[in-house]
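Here is how the chains run, residue by residue.
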Amino acid sequence: MSNESNRREFLKQSGLLTGGALLTTLPSFASSYGFNSSADDTIKIALIGCGGRGRGAALQALKTKQNVKIVAIADAFRDQLDDAYKILNQNPELAKRVDVPEERKFVGFDAYQKAIPLADVVILATPPGFRPMMFEEAVKQGKHIFMEKPVATDAPGVRRVLAAAEEAKKKKLNVVVGLQRHYQPNYREMIKRIHDGALGDIIGGSVYWVSGGVWVKPRQPNQTEMEHQMRNWYYFNWLCGDHINEQHIHNIDVANWVKRGYPVSAQGTGGRQVRTGKEYGEIFDHHIVDYVYEDGTLINSQCRHYEGTYSKVDEQFLGTKGRVDSFGRQSILKDHKGGAIYTHNGKGDGDPYQIEHDELFAAIAKHEYKFWDAENGAKSTMTALMGRMATYSGKVVKWDEALNSNINLFPDKLAWDATPKLVPNSDGFYPVAVPGKTVAV
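Under an unreviewed UniProt entry, the name given to the chain is Gfo/Idh/MocA family oxidoreductase, and the source organism is Larkinella rosea.

As structure tokens, then:
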């Protein structure tokens, strides 16, 4: 086997476990690889995307033990930028790490291009439709990256992220993706034991995100169509990718992690049963998907947004020697008689949202190349998108045809007066996928 084949096999076997646990110590800071090279060793951060997750990620970066400073903030909307700036300065101790004068606050569709050059580390937390182009730019400029999940909303976007991920590896840029279960102690410990054979071969499972849904931002007077969709981004596929992608990706990613691979096909059903109003854009309110992996294992995936119904956000797997019924704080690997093989008591476990930043910034401060999450982030995103293709079309969708799809959801032009590809009819309702009629790939 060639050295390259050995490397790829190692990535396949270990990269899904820790989000990329290769440890390469570099001899010195190298600006060509994006490592901090300022005289005082301050790690400079640019926050791009000032919504709730962006603000949260920025605060977690500020709470790390490293010498960090936020030096630039960017968002499409000025009000969101101002809200984020205010929140980042609420804690007097953390505010000492925020140095963003007016000239380093950038607003508009091109704001990211102005913020990225000022930083050593870029936090990408805009709606996911923008992730591919922003990730490309950050890699091009040699920056370390924390980016939220999912990393794209269509197959062309996934391919862009995969290509940029290869460049990031060549440049030894640390990339962490916000699939934080990879940094959550109970998941790490449980899945390590599953991979070590505690449950035997995994032969089935189910993953869930069934809940009451999320926020809605109704259309406001005088908004252009572009602004309305941007403000209410969760309900438009070019921005969000549907909730199977934006939310349920967490559980789907766990299935991929447990199986140490990605499904070869998907088929499923979905639709709009409860959320049928025009304010919900184009996305479905439920998806049920069967994912089939290369060895024939079937993992069932369920996600829905129904108020007043049973809720579950968890995963369960069946092996030839035992099973895991939940990855809650009290996680148990059981044999088939119900006896405990391993019990994880989560008391004292750290916050995985904080851990992912602690580990990223520690690696950067130590001049280490340790994280390459982008490839798995892109492929788990593709897994979720393949599920959406299956439910929208009602067809069996294969991995290769899904990944190679040329259906591009992104607008041809980004401007407040530009027209997105999807627009409402005269009654304000948007076209919705119809299984049996909608083209899969």
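Structure's up, so let's keep going.
1. Things to note about the domain arrangement of the chain
Interface size is commonly expressed as the accessible area that is lost once the parts come together. Under the domain assignment, the chain is made up of domain 1 (43–181) and domain 2 (184–346 + 383–404). Once you take the C-alpha centre of each, domain 1 and domain 2 turn out to be 25 Å apart. On the domain 2 side, the residues contacting the 22 residues of domain 1 number 30 residues. Roughly 2,000 Å² of surface becomes buried between domain 1 and domain 2 when both sides are summed, with 62% attributable to carbon and sulfur atoms. When the buried area of domain 1 at its contact with domain 2 is split by residue, Phe-77, Thr-153 and Arg-181 rank highest and sum to 37% of it. Seen at the junction of domain 1 and domain 2, the total is 3 salt bridges. The salt bridge involving Arg-231 is made with Asp-79; its shortest N-O contact spans 3.0 Å. Here domain 1 is connected to domain 2 by 12 residue pairs in polar contact (both at pLDDT 80 or more). Mapped by element, the contributors of at least two residues to the side of domain 1 that touches domain 2 are α3 (78–88) and α7 (155–171). Among the elements that make up the side of domain 1 that touches domain 2, the one with the highest residue count is α7 (4 residues). Residues belonging to the side of domain 1 that touches domain 2 are distributed by class as follows: 12 nonpolar, 5 polar and 5 charged.

2. Some remarks on the UniProt feature "domain: Gfo/Idh/MocA-like oxidoreductase N-terminal" (unreviewed entry) in the chain
As recorded in UniProt, the feature "domain: Gfo/Idh/MocA-like oxidoreductase N-terminal" (unreviewed entry) lies at residues 43–171. Summarising residues 43–171: 45% helix, 19% strand, and an end-to-end C-alpha distance of 18 Å.

3. Observations regarding the sheet that holds strand β7 (residues 175–177)
Taken together, 6 strands build an open sheet; the order of strands is β4-β3-β2-β5-β6-β7 and the sheet is parallel. Here the strands that pair on one side only, and so sit at the sheet edges, are β4 (105–107) and β7. Strand-to-strand twist of the sheet, defined as the mean angle between neighbouring strand axes without regard to direction, takes the value 15 degrees. With 4 bridges connecting them, strand β5 (residues 121–124) and strand β6 (residues 144–147) associate as parallel partners.

Parameters and conventions
- Residues numbered from 1 in each chain as written.
- Predicted model: local features only at pLDDT ≥ 70, side-chain atom pairs only at ≥ 80, totals over all residues.
- Heavy atoms only, no water.
- Domains from an automatic or database assignment.
- Contact = heavy atoms within 4.5 Å.
- Buried area = accessible area lost by both parts, 1.4 Å probe.
- Salt bridge = Lys/Arg side-chain N within 4 Å of Asp/Glu carboxyl O.
- Polar contact = N/O pair within 3.5 Å; in protein donor to acceptor, adjacent residues only side chain to side chain.
- Helix = DSSP H or I, 4+ residues; strand = E, 2+ residues; numbered from the N terminus.
- Nonpolar A, V, L, I, M, F, W, Y, C, P; charged D, E, K, R; others polar.
- UniProt positions renumbered as here; feature names shortened; annotations may be inferred.
- Pairing = 2+ DSSP bridges.
- Axes fitted to C-alpha atoms, helices over the stretch in contact; angles between N-to-C directions.

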